[in-house]
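An overview of the molecular structure
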Amino acid sequence: MTPDSFYDTVGGHETFVRLVDVFYEGVARDDVLREMYPEQDLTGARHRLTTFLEQYWGGPTTYSQERGHPRLRMRHASYKVNPEARDRWLAHMRTALDALALPPLQEAEFWDYLERAAHSLINTFEE
Ligand code: HEM
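Residues numbered from 1 in each chain as written. Predicted model: local features only at pLDDT ≥ 70, side-chain atom pairs only at ≥ 80, totals over all residues. Heavy atoms only, no water.

1. A word on the overall build of the chain
In terms of regular secondary structure, the chain is built from eight helices and zero strands. Counting from the amino terminus, helix and strand elements in the chain follow one another as α-α-α-α-α-α-α-α. Relative to its length of 127 residues, the chain is compact, with a C-alpha radius of gyration of 15 Å against a globular reference of 14 Å. Counting every position in the chain, which comprises 127 residues, the buried fraction comes to 42%. Long-range contacts, defined here as pairs at least 24 residues apart, represent 68% of the contacts in the chain between residues at least 6 apart. Summed over all atoms, the accessible surface of the chain reaches about 7600 Å², with 53% contributed by carbon and sulfur. Positive and negative side-chain charges of the chain, numbering 14 and 21 respectively, have mean locations separated by a distance of 5 Å. (Helix = DSSP H or I, 4+ residues; strand = E, 2+ residues; numbered from the N terminus. Rg over C-alpha atoms; globule rule 2.2 N^0.38 Å. Buried < 20%, exposed > 50% of the residue type's maximum accessible area, 1.4 Å probe, protein only. Contact = heavy atoms within 4.5 Å. Areas by Shrake-Rupley, 256 points an atom, 1.4 Å probe, with all protein chains shown as cover. Lys, Arg positive; Asp, Glu negative; His and termini not counted. Charge placed at Lys NZ, Arg CZ, Asp CG, Glu CD.)

2. Focus on the coordination of the iron atom of the ligand
Each pair of donors in an ideal four-coordinate tetrahedral metal site encloses 109.5 degrees, whereas pairs in an ideal six-coordinate octahedral site enclose 90 or 180 degrees. In this structure the iron atom of the ligand is ligated by exactly one protein donor, His76 (NE2), at 2.0 Å. Relative to the elements of secondary structure, His76 occurs in the loop between α6 (72–75) and α7 (83–100). (Donors = N, O, S within 2.8 Å, 3.2 Å for Na, K, Ca; no water.)

What follows is the structure in structure tokens.
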């Protein structure tokens, strides 16, 4: 028998939708991050981040079916991801992850990934 994926363990689709919804509520109120997002309404961005995270954690592969290989560094190249943007991004994720109230083990694993991923996407130290 295949063990449940992390995706299933944390509650599947609803969990990821909730995480990304709370995250983007924060982004929408963030004057530095908000202007980086090209869309008026953040529906597309919400969908891309949700499907990406679901796929990463062993859920459906919708993201790659729709967008191909993630190549996150390349896809962030046109945005100014400096340490401040990273910290703001992570702060909204922290709030969103807290809202899920996951068991400590899953919570720690998820946060560790988000922190490392965010650090790896820094592409400038200009202010
Ligand atoms: C470090 C700070 C970060 C900033 C400032 C940032 C900013 C952005 C912006 C402005 C977009 C375009 C929105 C859109 O999809 O239209 C985007 C897309 C995206 N970001 Fe980030 N991001 C950050 C970190 C991350 C991290 C850590 C992840 C993954 C764990 C991530 C995953 C994605 C994905 C999957 C997309 C959509 C890519 C696509 O298919 O086009 N981002 N990000």
